[in-house]
Structures are given as structure tokens and as C-alpha cells.
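# Coordinates in review
The lines below spell out each chain.
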Amino acid sequence: VFIIGELINGMYKQVGRAIVDKDKKTIQRIARQQLEQGANALDVNVGPVTNEPVEAMKWLTETIQEVADAPLCFDSTKAAVIEAGLKLAKKKAIINSTTADDEKLNVLLPLAKKYNAGIIGLAMDKTGVPRDRYKRSEHALKIISSCMEQGLDLADVYIDPIVLPVNVAQAQGAEVLESIREFKIISDPPPKTVIGLSNVSQGAKERALINRTFLIMAAAFGLSAAILDPLDQNLMDAVITAELLLNKSIYCDSYLEAYRKK
Ligand code: THG
């Protein structure tokens, strides 16, 4: 599972304050820690703290890239904010995200092409998040066919079934898991799949246990990538173990030490 660190998000108090105060040290520490603990890429979301999100995205991208050369995943509902990051990105980036709406696809797919970036497609549209796997697959099909028409490589396309909190949408967990499997048979080659893991436990107790259990189930359904908190070492160890049990890595007695990032 390709790990995208979720912690550089203005919704976190500490990060929100760092964006407002232009406190580079805090952002750079959180970037470094996530990569040290095994993140393969970093999600970058300016959050709700600023009236100038384009400026904030530029500052965050430059600040992170001073200390980290990982791929960045630019997370915003505004194309201009995403493009501000794409312009500065040193590594192949990921656009987070488009929906299945034409207004979004028509703007964001050309950006993916122009900057040779990956793109996350949310299996939803402006009418909202679907309640079942069938509607999720309809949205996924629409996004995947648009990507093919625009000449994007499907290896760069990540479809997100959209994880909802278990405390308010309990029936959606199983729908999301089945969607992960179904997205892979929509096209040949298949798209990748991604989830925002921490959504599942928002507002719940036992957050870490719920996150960890859901991620391991999703891995068994074939999940390609997850946006999560890589500083949760139990979570990261569980992913390493799941990949071992799915025969995606080679067993040895010291596999944990061998596969943990140093
Ligand atoms: N899919 C895609 N992108 C996404 C999401 C997704 N990006 C945002 C989000 N979902 C993934 N990132 C987070 C980051 C934090 C939390 C959840 C998902 C989170 N934060 C604490 C909370 O809300 O309780 C904040 C705690 C604090 O303020 O310190 O849970 O689904 N493509």
C-alpha cells in the first residue's frame, strides 16, 4: 500500500497556526517525521485557516521541499490552489482531487496532463456521496472514461470510494470495501484505488483501532494507496504485516525491522 501522509493539513490546530505564522520549522518537522515513519508521499492541504489559499499552498510546497524530496499530493477543492502546488513541485505530483462532475473533470484532467501528475477521482458528484457500491462504480466509470479520452495513463489515476465515519454511516464500510474490488474491473488496465482512512473513525472512540482494522480489510480487497497518519506505528506495522500475509513481500523472522523505513 502506497502511504500518503495526512498530517500537513490546516485542519490540525498546530499546522493551521504554522501556516498563519509562517512557521517553517513546524511544517518541516512534520514533513520529515512522516517520511521517516514510512510515508511514500505527503498530502498538502492548506485547510480553512487562510483567505489566501494560493499563497498558502505556494509557501507550504516550498517549505516542505526545502527538507523533503517526496512526491506531494495537492489537496484542495480549488483548481487554482492545486495548480499553485503543481507549478512548484519537483517530483511527480498527485492532484487531490476531482469529482465525477464535468466542471471539475474539464479543468483538472488537463492540469494532470500539463504537469504530468497523477490524479485522485472521488466516486461522487455534486449531488453528494453515494450510499451504495453501484452508484460509486458509475462515478468511477465516468472518471476513468474521461481520463482515457484525455489521454491520461490509468496507472496515474486513483479512484477514491470515499470513506465515511462509522459512527454515522455504519453501512458504508462494506460498500467501500466492495467498491475497492469493483473499481479494478472497470477498465483494463485498472485504475489504482485510494482512501482517506481517518475519515472512518471521525467522532468515534478507539480511533486508532478502527483505522487499523479498516485499513487491513481494505488491503485485503486490493487497495493501492491510503492517506493516513504514518506516525501511528501500530498502523504502519499492521500494513507491513498485511503485505506479508498477502504475499506482497518476502517473509523473514525480522520482517518488521526489515520493512520499517529508517
Ligand atoms: N479522500 C481524499 N482526500 C482526503 C480525504 C479523503 N483528504 C482529506 C481527508 N480525507 C484525509 N485527511 C484527514 C486528515 C485528518 C483527519 C481525517 C482525514 C482527522 N482529523 C482530526 C479530526 O477531524 O478529528 C483533527 C484532529 C485535530 O484537530 O487535531 O481525523 O477521504 N482523496
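Before reading further, recall that the structure is shown in the block above.
A brief look at the structure comes next. (Residues numbered from 1 in each chain as written. Predicted model: local features only at pLDDT ≥ 70, side-chain atom pairs only at ≥ 80, totals over all residues. Heavy atoms only, no water.)

Enumeration over the complete set of coordinates arrives at one aromatic pair. An angle of 40 degrees between the planes, with centres 6.1 Å apart, marks the rings of Tyr251 and Tyr255 as tilted. (Phe/Tyr/Trp six-rings, centres within 6.5 Å; stacked < 30°, edge-to-face > 60°.)

So, on to the pairing of strand 5 (residues 118-122). Most of strand 5 is tucked away: five of the five residues are buried. Because side chains alternate across strand 5, one face comprises the buried residues Gly118, Ile120 and Leu122, and the other comprises Ile119 and Gly121, equally buried. Two elements, strand 4 (residues 94-98) and strand 5, share four bridges in a ladder whose sense is parallel. Bridging across to strand 5, Thr98 finds its partner in Gly121. The β-α-β motif built from strand 4, the intervening helix 5 (residues 102-114) and the parallel element strand 5 has right-handed crossover chirality. As paired strands, strand 5 and strand 6 (residues 157-160) are joined by four bridges and run parallel to one another. Paired with Ile120 across the two strands is Tyr158, which belongs to strand 6. Note on the crossover from strand 5 through helix 6 (residues 133-149) to strand 6: the handedness is right-handed. (Buried < 20%, exposed > 50% of the residue type's maximum accessible area, 1.4 Å probe, protein only. Helix = DSSP H or I, 4+ residues; strand = E, 2+ residues; numbered from the N terminus. Pairing = 2+ DSSP bridges. Right-handed = clockwise from strand over helix to strand, strands pointing away.)

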